[in-house]
Amino acid sequence: MIKIGKCLIVAILVCLPTAAQELSVIPRPVSMSNGDGQSFKLDKATSIIVTKETEKSGKLLAEYLRPATGYPLRVRKGSASVNTITLALTPENSALGTEGYRLTVNQQGIRISARTEAGLFYGIQTVRQLLPTAILTMTPQAGVEWQVPSTEIEDYPRFGWRGAMMDASRHFMPKDAVLRFIDQLALHKMNTFHWHLTDDQGWRIEIKRYPKLTSIGSMRKESRVGHERDKKGFDGTPHGGFYTQKDIREVVAYAQARFINIVPEIEMPGHAQAAIAAYPELGNLQTKLEVGTVWGIYPNVFNVQESTLEFLQDVLTEVLELFPGKFIHVGGDEVKKEQWKASEAAQARMKELNLKDEHELQSYVIQRMDKFLTARGRRLVGWDEILEGGLAPGATVMSWRGTKGGIAAAQAGHDVVMAPNTYTYLDYYQSKDPGEPLSIGGFLPLEKVYEFEPAPSELSEDEKKRVLGGQGQLWTEYIQTPSQFEYMAFPRLLAVAESVWTPAARKDFTSFLARWEKEKERLRASGVNFKGK
Ligand code: TNX
């Protein structure tokens, strides 16, 4: 405003019509109309309309809505009328696939339909994202109008394996942090939680038959200070923790209720030092080892005697009882071969089995486990090194050293999960800001993660069908706390979520960034840490 004498010259703002702002749903739905500007208002009289088949989903929705609204919404059978949220199973709508849903919101009410309960679940997650972000808080929020903007959404995932990996070995992640992480996976329509439970620096799963795995193997006496390459010494502080079988059952049930499958990982034959510290007879040396205290690749791998393979199968037997999902991860990465080369027993074993080198010996271990798991109706998954020395027939390959291993495996007719360090290693730095917490290295900013394409163009259309999906990895050598874990995960894991759910042609980084603004409020309301506060 400019004042000249007694005249006011007022600048007139011309408001150009702007495109209505896109609703902030992550991952971006397959199709979404912006509605007519009207909205549905949820209040204490709203009821949730279910059938016998959708009652469970209805109760889950009511449970989700209760803490923040304070409303004990009625879940009842009947037909949709004014002020209702209807959950319907429509098995005939084949366009939706096994996890898709259709969501309609208008002034009268909300309707979610899907062919499966999983589809309804994802429709419910979208509704949670469309409500004011305060819906995600766990205490009653006074004075919020619980409006849902009108819209019409049809949505289904691009891939069936939409995952995140948590390394709970290098730094133990307590159960409540695991559950909080699972909540975030569910809210973003991820369905696979890969739980890395054993490694050189800590064994984190109770195995009843071998109690020393946790009484000895879950505790290291100290940890490296600073970056491994700086060799700055040790903190002198013991670090430990493990999940009891009861904890695991609780986490599995919690995940199942959210349509998340847990893929446990028991590392073999490398990354085995914590187990060998507990049971020295599993190793190749006569000397006693301690649980690992530094980061990097240890030479101490399992020996290949029959008794050790039986030990591994005994461990897997308990793992199978705890984890009902189809896939069991046996690691297989970074197996140093020196000890096998130097060991008479290993060399004799190679001769006995008619194997030509140590790669074939490693492959033998994995093939034995593949047979063991297949005979029990499960499937083995391992890191891409399991390709070396011959791939076990039933194995699924998790490609981490870029996409090469995954491409080779898909071309050989194997199933593949893409987890390339070039796009999905969320333990790498996310910015060049000197204030970033110390990390293993690398540089993977959000925009690079957003470019993650799980089905590489090198594959033919048929081979692409072998790509089950992809996932983000959070290795925890340098991630010491759950809060730092979340900081590394968000927002980048959301870029992974969009890459595995949304059709490639619908991905748009500018749109993602706009939606990320709203998402920050969601994470805040959920009490989850993130980068970019
Ligand atoms: C490589 S990925 C590893 C892990 C490390 C990670 C650090 C893989 C199969 N092995 O043991 O934690 O790099 O980024």
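Residues numbered from 1 in each chain as written. Predicted model: local features only at pLDDT ≥ 70, side-chain atom pairs only at ≥ 80, totals over all residues. Heavy atoms only, no water.

1. As for the packing of helix H7 (residues 306-322) against helix H10 (residues 358-375)
Under the convention used in this document: Only the contacting stretch of a helix is used when fitting its axis, a line to C-alpha atoms as for every element, and angles between N-to-C directions run 0 to 180 degrees. Secondary structure is summarised from DSSP: a helix means a run of H or I of at least four residues, a strand means a run of E of at least two, and numbering begins at the N terminus for each. The scheme is simple: roughly parallel for angles under 35 degrees, roughly antiparallel for over 145, roughly perpendicular for 65 to 115, oblique for anything else. Left-handed describes a crossing in which the near helix is turned anticlockwise from the far one by less than a right angle; the clockwise case is right-handed. Whether two residues are in contact is decided by their heavy atoms: any pair within 4.5 Å suffices.
One can describe the packing of H7 onto H10 by two numbers: an axis separation of 11 Å at closest approach and a directional angle of 40 degrees. Taken together, the axis directions place H7 and H10 in an arrangement best described as oblique. In the crossing of H7 with H10, the sense of the turn from one axis to the other is right-handed. When H7 is examined against H10, the residues Glu306, Leu309, Leu312, Gln313, Leu316, Thr317 and Leu320 are found in contact with a partner set consisting of Tyr364, Val365, Arg368, Met369, Phe372 and Leu373.

2. Here's the deal with the nonpolar core
Note the following rule: Here, nonpolar core refers to any group of buried Ala, Val, Leu, Ile, Met, Phe, Trp, Tyr and Cys residues whose side-chain atoms link them within 4.5 Å. Only protein chains enter the area calculation, which uses a 1.4 Å probe; residues under 20% of their type maximum are buried, those over 50% are exposed, and those in between are partly exposed.
Formed by 158 residues in total, the largest nonpolar core has its most connected members in Phe181, Phe193, Trp195, Ile205, Leu213, Phe323 and Leu493. The biggest single contributor to this core is H7, with 8 residues. Not counting residues up to four positions away in its chain, the partners in contact with Leu213 are Trp203, Ile207, Ser218, Ala275, Ala278, Tyr279, Phe311 and Val315.

3. Structural notes on the pairing of strand S11 (residues 151-155)
For clarity, the threshold we go by: Strands qualify as paired when DSSP identifies two bridges or more between them.
In terms of residue burial, S11 counts as a mostly covered element, since 4 of its 5 residues are buried. Taken together, the 3 bridges between strand S3 (residues 31-33) and S11 define a ladder with antiparallel strand orientation. Pairing of Ser31 across the sheet is with Glu154, part of S11. Strand direction decides the pairing type here: strand S8 (residues 101-105) and S11, joined by 5 bridges, are antiparallel. Looking at the pairing, Tyr101 lines up with Asp155 of S11.

4. Focus: the site of the ligand
Applicable threshold: A cutoff of 4 Å decides nearness: a residue is near a molecule or strand if any of its heavy atoms lies inside that distance of it. By the criterion applied in these results, polar contacts are pairs of N or O atoms within 3.5 Å in which, for protein atoms, one can donate a hydrogen and the other can accept it, and in which residues neighboring in sequence qualify only through two side-chain atoms. We get accessible surface area from the Shrake-Rupley algorithm with a probe of 1.4 Å; when it comes to residues, only the shown protein chains can shield them.
Around the ligand sit Arg170, His271, Asp333, Glu334, Trp383, Trp400, Tyr425, Asp427, Tyr428, Ile440, Trp475 and Glu477, and that is every residue in its neighbourhood. One nitrogen or oxygen atom from the side chain of Glu477 is found 2.6 Å from an oxygen atom belonging to the ligand. Taking 360 Å² as the accessible area of the ligand by itself, protein coverage stands at 94%.

5. What to know about H10
At 3.6 residues per turn, the α-helix brings residues three or four places apart onto the same side. In plain terms, the rule: Expected span of a helix: the number of residues minus one, times 1.5 Å.
Relative to the 26 Å expected for 18 residues at 1.5 Å per residue, H10 spans 26 Å between its end C-alpha atoms, a close match to the ideal helical length. When we look at burial in H10, the residues that qualify are Glu358, Leu361, Gln362, Ser363, Tyr364, Val365, Ile366, Arg368, Met369, Asp370, Phe372 and Leu373. Residues of H10 that are buried sit in contact with strand S18 (261-268), H7, strand S19 (327-331), helix H8 (338-342), helix H9 (344-352) and strand S20 (379-383). A side-chain oxygen of the first residue of H10 lies 3.2 Å from the backbone nitrogen of His359; this N-cap is Asp357.

6. Describing the pattern of salt bridges
Using the following cut-off: Basic side-chain nitrogens of Lys or Arg form a salt bridge, by our definition, when they fall within 4 Å of a carboxyl oxygen of Asp or Glu.
Scanning the model with the defined rule gives 35 salt bridges in all. The partner of Glu486 in a salt bridge is Arg180, and the shortest N-O contact between them spans 2.8 Å. Taken as a pair, Glu486 in helix H15 (residues 482-489) and Arg180 in helix H3 (residues 175-187) lie far apart in primary sequence, 306 residues in all. Residue classification places Glu486 among the buried residues on the basis of a relative accessible area of 6%. Given the relative accessible area of 26%, Arg180 is considered partly exposed. Its salt-bridge partner being Asp384, residue Arg401 comes within 2.6 Å of it at the nearest N-O pair. Of the two residues, Arg401 sits in the loop between strand S21 (396-399) and helix H11 (404-411) while Asp384 sits in the loop between S20 and S21, which places them 17 residues apart along the sequence. Given the relative accessible area of 33%, Arg401 is considered partly exposed.

7. Overview of the sheet that holds S8
In space, the 7 strands of this open sheet follow the order S3-S11-S8-S9-S7-S5-S6, with mixed pairing throughout. Since the sheet does not close on itself, it has two edges, and those belong to S3 and strand S6 (74-77), each with one partner. The average undirected angle you get between the axes of adjacent strands in this sheet is 15 degrees. As judged from the 4 bridges shared by S8 and strand S9 (residues 109-114), these two strands associate in the antiparallel manner.

8. Digging into the side chain of Glu436
Structurally, Glu436 can be placed in the loop between helix H12 (421-424) and helix H13 (446-450). For Glu436, a relative accessible area of 9% corresponds to the buried category. The residues contacting Glu436, other than those within four sequence positions of it, are Tyr429, Gln430, Ser431, Tyr487 and Lys531.

9. Overview of helix H2 (residues 117-130)
Counted at 1.5 Å a residue, the expected span for H2 with its 14 residues is 20 Å, and the 20 Å between its end C-alpha atoms agrees. Along H2, 13 of the 14 residues are buried, which leaves the element largely enclosed by surrounding structure.

10. Remarks on unusual backbone geometry
For the bond running from Met268 to Pro269, omega is -15 degrees, close enough to zero to count as cis. Note on placement: Pro269 falls in the loop between S18 and helix H6 (273-278). Each neighbour pair has its own omega, and for Phe490 with Pro491 the value is 10 degrees, a cis peptide bond. Counting through the fold element by element, Pro491 comes out in the loop between H15 and helix H16 (492-501). Even without being a glycine, Phe259 presents a positive backbone phi close to 60 degrees. Along the chain, the position of Phe259 falls in the loop between helix H5 (245-256) and S18. A residue is classified by how much of its surface remains accessible, and Phe259, at 28% relative accessible area, is partly exposed.

11. As for the environment of Glu99
Within the secondary structure, Glu99 sits in the loop between strand S7 (84-89) and S8. Put simply, Glu99 and Ser31 are 68 residues apart on the chain and 15 Å apart in space, counted from C-alpha to C-alpha. Setting aside residues up to four positions removed in sequence, Glu99 forms contacts with Thr116, Ala118, Gly119, Tyr122, Pro157, Phe159, Gly160, Arg162, Asn191 and Trp501. In terms of polar contacts, Glu99 uses its side chain to reach the side chain of Arg162, at 2.8 Å. At 3.2 Å, the side chain of Glu99 forms a polar contact with the side chain of Asn191.

12. Thoughts on the packing of H3 against H15
Closest axis-to-axis distance for the H3/H15 pair is 10 Å, and the angle between their directions is 20 degrees. Considering the angle they form, H3 stands roughly parallel to H15. In this structure, H3 crosses over H15, and the sense of that crossing is right-handed. Between H3 and H15, the residues in contact are Ala177, Arg180 and Phe181 and Pro482, Phe485, Glu486 and Ala489, respectively.

Such coordinate-based values are descriptive only and should not be taken to indicate function.
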